Amino acid sequence: MHKGCLRKVGLWTCLVVIAWGLGLAETAHAQKIGVVDLQAVLDQSVRGRAAKDRLRDLGDKLQQEIKSKLEFKRQKEEELQKLQTEFRSQKDLLTEQARAAKDEDYRRRARELKRFIDDTNRFTEDATQEFREREIRETQNLLLSVRKVVQEIGEREGYNLVLEGNENTAVVLYFNKAIDITPKIVQR
């Protein structure tokens, strides 16, 4: 019902209907309500853009390191393939001792490459995890700052309710405790 209500008659009409249903119709018209689009704040504010720049720089740095490691891996794989091809073509011409030495050299390089690949995979996983955690921390810090600003403006300018939202959604960011009807609901 709630989603259908939002789609059919709009957010503000739903808020008035909810307020009326809770016995607040007579005060609903006097209430000051605001909406904040958090995504726009994050995208357009100085701190939001700075955080995005820091994350982009970190992401670029990690991508460069990963790209460099993948290029090194590709080179080593080519060298190993070349060594194997060379060994196969010379196998019959080599002495038993030379064959054993080349075979051992190939196996050693293959082990080194496998260790490098394993290390690169761990690095990639760790770097990805580090990036995600940093992104979460940056976003949480920004949202806490935005929430403080919203609360300050809400109190200073007399808002009773501030919603985070756009045309599709709305979430309460701030409300004046005077409009909290929880005790009435509990009593009833």
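The rules behind these values
Residues numbered from 1 in each chain as written. Predicted model: local features only at pLDDT ≥ 70, side-chain atom pairs only at ≥ 80, totals over all residues. Heavy atoms only, no water. Helix = DSSP H or I, 4+ residues; strand = E, 2+ residues; numbered from the N terminus. Areas by Shrake-Rupley, 256 points an atom, 1.4 Å probe, with all protein chains shown as cover. Expected span 1.5 Å × (residues − 1). pLDDT = per-residue confidence, 0-100. Contact = heavy atoms within 4.5 Å. Salt bridge = Lys/Arg side-chain N within 4 Å of Asp/Glu carboxyl O. Buried < 20%, exposed > 50% of the residue type's maximum accessible area, 1.4 Å probe, protein only. Phe/Tyr/Trp six-rings, centres within 6.5 Å; stacked < 30°, edge-to-face > 60°. Lys NZ or Arg CZ within 6 Å of the ring centre and 35° of its normal. Patch = residues over 30% accessible without salt bridge, like charges linked within 9 Å, V, L, I, M, F, W, Y side chains within 5 Å. Lys, Arg positive; Asp, Glu negative; His and termini not counted. Charge placed at Lys NZ, Arg CZ, Asp CG, Glu CD. Polar contact = N/O pair within 3.5 Å; in protein donor to acceptor, adjacent residues only side chain to side chain.

### As for the overall build of the protein chain
In step 1: Across its full length, the protein chain holds seven helices and three strands.
In step 2: Total accessible area computed for the protein chain in this model is approximately 14300 Å², and 53% of it derives from carbon and sulfur atoms.

### Side note on helix 6 (residues 96-156)
In step 1: Here helix 6 is 61 residues long and its end C-alpha atoms lie 89 Å apart, about the 90 Å a rise of 1.5 Å per residue gives.
In step 2: Within two residues after helix 6, Gly158 carries a phi angle of roughly 80 degrees, on the positive side.

### Looking at the confidence of the model for the protein chain
In step 1: With 80% of its residues at a pLDDT of 70 or more, the protein chain has an overall mean of 80.
In step 2: Within the model, the stretch residues 1-9 combines pLDDT values under 50 with six contacts to residues more than four positions away or in other chains.
In step 3: Residue range residues 12-17 is modelled with pLDDT below 50. Its contacts to residues more than four positions away, or to other chains, number seven contacts.

### So, the pattern of salt bridges
In step 1: Following the criterion strictly, the structure yields 19 salt bridges and no others.
In step 2: Linking Lys76 and Glu79 is a salt bridge whose minimum nitrogen-to-oxygen distance equals 3.4 Å. Placement of both Lys76 and Glu79 in helix 5 (residues 46-90) is noted, with a separation of three residues, approximately one turn of the helix.
In step 3: A relative accessible area of 37% means that Glu79 is categorised as partly exposed.
In step 4: A salt bridge links Glu96 to Arg99, with the shortest nitrogen-to-oxygen separation between them at 3.7 Å. Placement of the pair is Glu96 and Arg99 together in helix 6, with a separation of three residues, close to one helical turn.
In step 5: Each of Asp105, Arg108, Arg109 and Glu112 takes part in one network of salt bridges that share partners.

### Some points on the packing of aromatic side chains
In step 1: According to the stated counting rule, one finds one aromatic pair in the structure shown.
In step 2: Of note, Lys32 hangs over the ring of Tyr159, and the distance from its end group to the ring centre comes to 4.5 Å.
In step 3: For Lys69, the ring lying beneath its charged end belongs to Phe123, and the centroid distance is 5.1 Å.

### Some points on a negative patch on the surface
In step 1: Together, Glu125, Asp126, Glu130 and Glu133 give the surface a local cluster of negative charge.
In step 2: With respect to the secondary-structure elements, Glu125 resides in helix 6.
In step 3: Classification of Glu125 as exposed rests on a relative accessible area of 56%.

### Details of helix 5
In step 1: Given a rise of 1.5 Å per residue, 45 residues ought to cover 66 Å, and the 66 Å separating the end C-alpha atoms of helix 5 matches this to within 8%.
In step 2: Here helix 5 has its buried residues at Gly48, Ala51, Leu55, Leu58, Gly59, Leu62, Ile66, Leu80, Leu83, Gln84 and Phe87.

### Looking at the side chain of Glu164
In step 1: Relative to the helices and strands, Glu164 is located in strand 2 (residues 161-165).
In step 2: Although Glu164 is buried, it makes no salt bridge; Arg147 carries the closest opposite charge, 9.7 Å away.
In step 3: A polar contact is formed between the side chain of Glu164 and the backbone nitrogen of Leu38, at a distance of 3.4 Å.

### Side note on the environment of Glu86
In step 1: Along the chain, Glu86 turns up in helix 5.
In step 2: Given a relative accessible area of 30%, Glu86 falls into the partly exposed group.
In step 3: Once the C-alpha coordinates of Glu86 and Lys102 are considered, the two residues, 16 residues apart in sequence, prove to be 9.8 Å apart.

### A look at the side chain of Asn160
In step 1: In this structure, Asn160 sits in the loop between helix 6 and strand 2.
In step 2: Those residues in contact with Asn160 that lie beyond four places of it in its chain are Gln31, Lys32, Tyr174, Phe175, Asn176 and Ile179.

### A word on the environment of Asp103
In step 1: Position of Asp103 relative to the elements: it lies in helix 6.
In step 2: Under the relative-accessibility criterion, Asp103 is labelled partly exposed at 26%.
In step 3: Expressed as a C-alpha distance, the spacing of Asp103 and Lys91, which sit 12 residues apart in the sequence, is 9.8 Å.

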